[in-house]
Amino acid sequence: MALALAGMLVALSIISLFVGVIDLSWAALWSEPGAIDLLVVSRGPRTIAVVISGGALAVSGAIMQMLVRNRFVEPMTAGTGQGAALGILLVTLFAPGASILVKMLLASITALGAAVGFLAIVQRLPPVQPLLVALVGLIYGGILGAVVTFIAYQADLLQYVEIWMNGEFSGVLQGRYELIWLVAVVAGLAYLAADQFAIIGMGRTASINLGLNYRQTMVLGLLAISIVTALTVVTVGMIPFVGLVVPNIVARLAGDNLRRTLPLTAMSGAALVLACDIFGRIIRYPYEIPVGTVFGAIGAGLFLWLLHGAKRHVW
Amino acid sequence: MITITDLSYDRDETPVLRGVDLTLNAGGVKALIGPNGAGKSTLLSLIARLIPMQSGRIMVDDLEIGACANDVLARRLAILPQASEAAPLLTVRELVGFGRYPYHKGRPTAADREKVEDALATFELQALAERRLDSLSGGQRQRAQVAMIFAQDTDYILLDEPLNNLDIAASRGLMRTLQDLAQHHARTIVIVLHDINYAAAYANEIVAMKDGGIVAQGAPQDVVTEAMLREVYGTAAAVHRIDGRVLVGV
C-alpha cells in the first residue's frame, strides 16, 4: 500500500509539473531556455506546496481526531483554520506593514486559541454522541468564520480575506511559498510523537495506565495542529475536508497505529490534493478552479459517504 | 504491598471515602466488594491515580501515589481500562505492543517485541494476533486487553468490574487467568467485583466496603457470612458451605 501510494504521488507530481496555462513539454526542457525557469519559479514550487500542505493537513486532521477522540473533526472546519484567518486579518488591520513572520506567528497563536476553545467545548459534551462533536465543530468554525467575514466587511477587506478563506495554489511562486517547508518540518516532528497520539486516542484511562504525560501530549498535538493550519492558511489559504476525509479512509483500511499509518495518511493527503489541483487546472482550461473548491465538492461527497458507512466504527 | 492511610475523598461535597485505612499484602487476588456507592471504584481509581488525591496517603511499595511520576508508576501498576471504552482500530498485536510503551517510549527494542510475543502466547492470542479488535467478540477483546496489561509487566494489576457484559464462560475464563497471573507470575491482582460468588470462588482475600469505609477484610470463608451480608448489603441471603467453599444463595 505504501509503495503504491508513493508511486502514485510521484506520477501525479510529474503530471503537475507539465500541466498549466503555459505549454511545457519534456522536449522543451532541453531546447527552450525559458522552460527550466518555468519549472523552478512556478510549477516546481506549486507542486511542492501542494504535496506538503496536502500531506500536513491530512496528518494534522489525524492528530486532531486522536486528541478529540472523534473521527468527524478536522482543523480547517472546526475553527482552527478560521482562527488563523482571524489572526491574519488582525495583523492586516492593526499592523499592515508587519512582516510575514509576524503574520505567521499571530496566525499560529489565534489558531491555537481557537483549537483550545474547541477542545474546551468538546470536553463538556456527552461522549456517547460522536456526531454532536462534529456538528458543534462545524458550528464553532462557522461562527469564527462569520466573525472574520464581519470584521473584513466592516474594514472593507472582504476581497483580501477571500484569498485565505478559499485555498488555491495558482499564486505559489518561488520566493513566496517557502514557509510551507516549515509545515513539512512541523508535521515531521509531530510524527516523532505518533505513539503518544495513538495512546491518547485510546482514552484517558489507557493514557494514564501507560504512563503517558496526558497534558504534555495534548499541548504538543494542539501546537502541531495550530502551526500546520496557520502556516498553510498564510501561504495557500484554507483547504477544508483534507484533514477529515483522508485520515478516515486510511483508518478504515490500515487502522489507528499512527506510527505505521501517519506516513500513509501524509502520502494519501498529498496525492488527493495534488489530483484535485491538477483537475482544477484542466477542467476549465485555460482558467483555474481553486483547489479548495474542487476538494470541497469531492470532500463533501466523501464525508457523506463516511457518515453513512461509518456507523459500525463510530467511537 | 499497597498501604492506604486515612484516605478520604469527597465528590460534590458528599463524602465517598471516609478515612480508609487498608493494607493489601503483595501476592494473590484481592477482591473489593460492597453495595453500589460503597466507594470501591473510587478507592480503586485513587490507587490507579485516575482521579486526584484529596487527603490521606497511598503507598504502592515505596512509590507514593500523587507524588511519584506517572511513567514510573506505569511500570509498577496497571489498570485494565473498562470495556466500555470502545476499541481503537488496532490489531491485537499492536494493542499488546502498546503495553510496552512505559518502557520503550516509542522505540521498541527486541526485548520489548519478545515480551509482546510472550504475552500473545500466554493468552493464546497468536491466531488472532493480526485481527483487528473491532472484529473480535467482547470476551476476545478483553483477553487482548489483559494481554496488554500482562505485557506491561507490572507487579500490581487493578481491574474495575471487569465481568460486566461478559457471559459465564468469559467471566470464568478471565477469573482463572487472573488467578494464574497471581499464582504463577507473581502478580498482585486487585479487583472490584459485584458478584460475591465470583469473589468467594477466585479471591484469596476479600475486602468488604460500606458507606466509604472498610467493614471486613480476610479470607472468603471468614468474610462471607450471613451476618456480613446483612450488615453490608442489608439483605438476608443464605450462605452455604460446600467442600470448604462459600456459596451465597440468590
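Note that this is a predicted model, so its numbers are computed, not measured.

### Remarks on the overall build of chain A
- Along the backbone of chain A there are 14 helices and 0 strands.
- In sequence order, chain A lays out its α and β elements as α-α-α-α-α-α-α-α-α-α-α-α-α-α.
- The C-alpha radius of gyration of chain A comes to 19 Å, within 12% of the 20 Å expected for a compact globule of 315 residues.
- Counting only C-alpha atoms and orienting by the principal axes, one finds that chain A spans roughly 65 × 50 × 35 Å.
- The buried share of chain A, reckoned over its 315 residues, is 56%.
- Within chain A, contacts between residues at least 6 apart in sequence are counted, and of these 76% link residues at least 24 apart.
- A total of about 13,500 Å² of accessible surface is found on chain A, and carbon and sulfur atoms cover 71% of it.
- Separation between the mean location of the 16 positive side-chain charges and that of the 12 negative ones in chain A comes to 17 Å.

### Description of the overall build of chain B
- Tallying secondary structure elements over chain B gives 10 helices and 12 strands in all.
- For chain B, the spread of C-alpha atoms along the three principal axes comes to 55 × 40 × 30 Å.
- Contacts spanning at least 24 positions in sequence make up 64% of the contacts within chain B whose residues lie at least 6 apart.

### Side note on the packing of aromatic side chains
- Summed over all chains, the structure comprises 4 aromatic pairs over all chains.
- The interplanar angle of 90° and the centroid separation of 4.8 Å between the aromatic rings of Tyr160(A) and Trp164(A) together place this pair among those described as edge-to-face. Of this pair, Tyr160(A) and Trp164(A) both sit in helix α7 (residues 158-165), separated by 4 residues, roughly a single helical turn.
- Residue Tyr160(A) is classed as partly exposed on the basis of its relative accessible area of 29%.
- Residue placement shows Arg259(A) over the ring face of Tyr191(A); its charged tip is 5.5 Å from the ring centre.
- Over the face of the ring belonging to Tyr103(B) we find Arg100(B), whose NZ or CZ atom lies 4.1 Å from the ring centre.

### Quick notes on helix α3 (residues 33-68) of chain A
All names here are of chain A.
- An ideal rise of 1.5 Å per residue puts 52 Å on 36 residues; α3 measures up with 52 Å between its terminal C-alpha atoms.
- Most pronounced at Leu39, the bend in α3 amounts to some 45°.
- Most of α3 sits inside the fold, with 28 of its 36 residues counted as buried.

### Section: the packing of α3(A) against helix α13 (residues 258-282) of chain A
Residue and element names in this part refer to chain A.
- Relative to each other, α3 and α13 sit at 135°, their axes nearing to 7 Å. One element, α3, and the other, α13, form an angle in the oblique class. Crossing of α3 against α13: the hand is right-handed. Seen from α3, the contacting residues are Arg43, Arg46, Thr47, Val50, Val51, Gly54, Gly55, Ala58, Val59, Ala62 and Met66; seen from α13, they are Leu258, Leu262, Thr265, Ala266, Gly269, Ala270, Val273, Leu274, Asp277 and Arg281.
- Of the residues in the contact of α3 with α13, the class split is 12 nonpolar, 5 polar and 4 charged.

### A few points about the interface of chain B and chain A
- On the chain A side, the residues contacting the 29 residues of chain B number 27 residues.
- For the pair chain B and chain A, the summed buried area comes to about 2,200 Å², and 55% of that belongs to carbon and sulfur atoms.
- Among the residues of chain B in contact with chain A, Leu89(B), Phe98(B) and Tyr101(B) are the three that bury the most area, contributing 27% of the side total.
- Our count for the contact surface shared by chain B and chain A stands at 1 salt bridge.
- For the pair chain B and chain A, the interface holds 9 residue pairs in polar contact (both at pLDDT 80 or more).
- Listed by contribution, the elements that provide at least two residues to the side of chain B that touches chain A are α2 (70-73), β6 (77-80), α3 (92-98), α4 (101-104) and α6 (138-151) of chain B.

### Some remarks on the domain arrangement of chain B
Residue and element names in this part refer to chain B.
- Examined at the domain level, chain B breaks down into domain 1 (1-76 + 154-220) and domain 2 (83-153).
- A separation of 23 Å is found between the C-alpha centroids of domain 1 and domain 2.
- Taken together, the contact pairs 14 residues of domain 1 with 13 residues of domain 2.
- Interface area for domain 1 against domain 2, summed over the two sides, is near 1,100 Å², with a carbon-plus-sulfur share of 62%.
- The interface formed by domain 1 and domain 2 contains 2 salt bridges.
- The closest approach of N and O atoms between Arg187 and Asp153, which form a salt bridge, is 3.3 Å.
- Scanning the region where domain 1 abuts domain 2 turns up 7 residue pairs in polar contact (both at pLDDT 80 or more).

### Details of the environment of Ala38(B)
Residue and element names in this part refer to chain B.
- With respect to the helices and strands, the residue Ala38 is situated in the loop between β3 (28-33) and α1 (40-47).
- Among the residues examined, Ala38 registers a relative accessible area of 2% and is labelled buried.
- In contact with Ala38, not counting residues within four places along its chain, are Val16, Met209, Lys210, Asp211, Gly212 and Gly213.

### Quick look at the pattern of salt bridges
- In the structure shown here, the tally under the stated rule is 17 salt bridges over all chains.
- Between Glu94(B) and Arg260(A) there is a salt bridge, and its shortest N-O distance comes to 2.7 Å. Of the two residues, Glu94(B) is situated in helix α3 and Arg260(A) in helix α13; the pairing between them involves two chains.
- Of the charged contacts in the structure, one is a salt bridge between Glu64(B) and Arg57(B), with a shortest N-O distance of 3.3 Å.

### Some remarks on a nonpolar patch on the surface
Residues and elements named next belong to chain A.
- On the surface, a cluster of nonpolar side chains totalling about 450 Å² of accessible area is made up of Leu135, Leu138, Ile139, Ile143 and Val147.
- Structurally, Val147 is set in helix α6 (residues 130-154).
- When its relative accessible area of 35% is taken as the criterion, Val147 is described as partly exposed.

### Digging into the sheet that holds strand β9 (residues 205-210) of chain B
All names here are of chain B.
- Spatially, 6 strands are ordered β6-β7-β8-β3-β9-β10 in an open sheet, and the strand pairing comes out mixed. Looking at which strands have only one partner, the edges of the open sheet turn out to be β6 and β10 (213-218). Going across the sheet, the axis of each strand differs from the next one's by a mean of 20°, ignoring polarity.
- The strands touched by helix α10 (residues 226-233) are β3, β9 and β10; relative to β9, the strand with the most contacts, the crossing angle is about 35°.

Each value, and the rule that gives it
Residues numbered from 1 in each chain as written. Chains lettered and ligands numbered in written order. Predicted model: local features only at pLDDT ≥ 70, side-chain atom pairs only at ≥ 80, totals over all residues. Heavy atoms only, no water. Helix = DSSP H or I, 4+ residues; strand = E, 2+ residues; numbered from the N terminus. Rg over C-alpha atoms; globule rule 2.2 N^0.38 Å. Buried < 20%, exposed > 50% of the residue type's maximum accessible area, 1.4 Å probe, protein only. Contact = heavy atoms within 4.5 Å. Areas by Shrake-Rupley, 256 points an atom, 1.4 Å probe, with all protein chains shown as cover. Lys, Arg positive; Asp, Glu negative; His and termini not counted. Charge placed at Lys NZ, Arg CZ, Asp CG, Glu CD. Phe/Tyr/Trp six-rings, centres within 6.5 Å; stacked < 30°, edge-to-face > 60°. Lys NZ or Arg CZ within 6 Å of the ring centre and 35° of its normal. Expected span 1.5 Å × (residues − 1). Bend = angle between axes of the 7 residues up to and from the residue. Axes fitted to C-alpha atoms, helices over the stretch in contact; angles between N-to-C directions. Parallel < 35°, antiparallel > 145°, perpendicular 65-115°, else oblique. Left-handed = near helix turned anticlockwise from the far one by under 90°. Nonpolar A, V, L, I, M, F, W, Y, C, P; charged D, E, K, R; others polar. Buried area = accessible area lost by both parts, 1.4 Å probe. Salt bridge = Lys/Arg side-chain N within 4 Å of Asp/Glu carboxyl O. Polar contact = N/O pair within 3.5 Å; in protein donor to acceptor, adjacent residues only side chain to side chain. Domains from an automatic or database assignment. Patch = residues over 30% accessible without salt bridge, like charges linked within 9 Å, V, L, I, M, F, W, Y side chains within 5 Å. Pairing = 2+ DSSP bridges.

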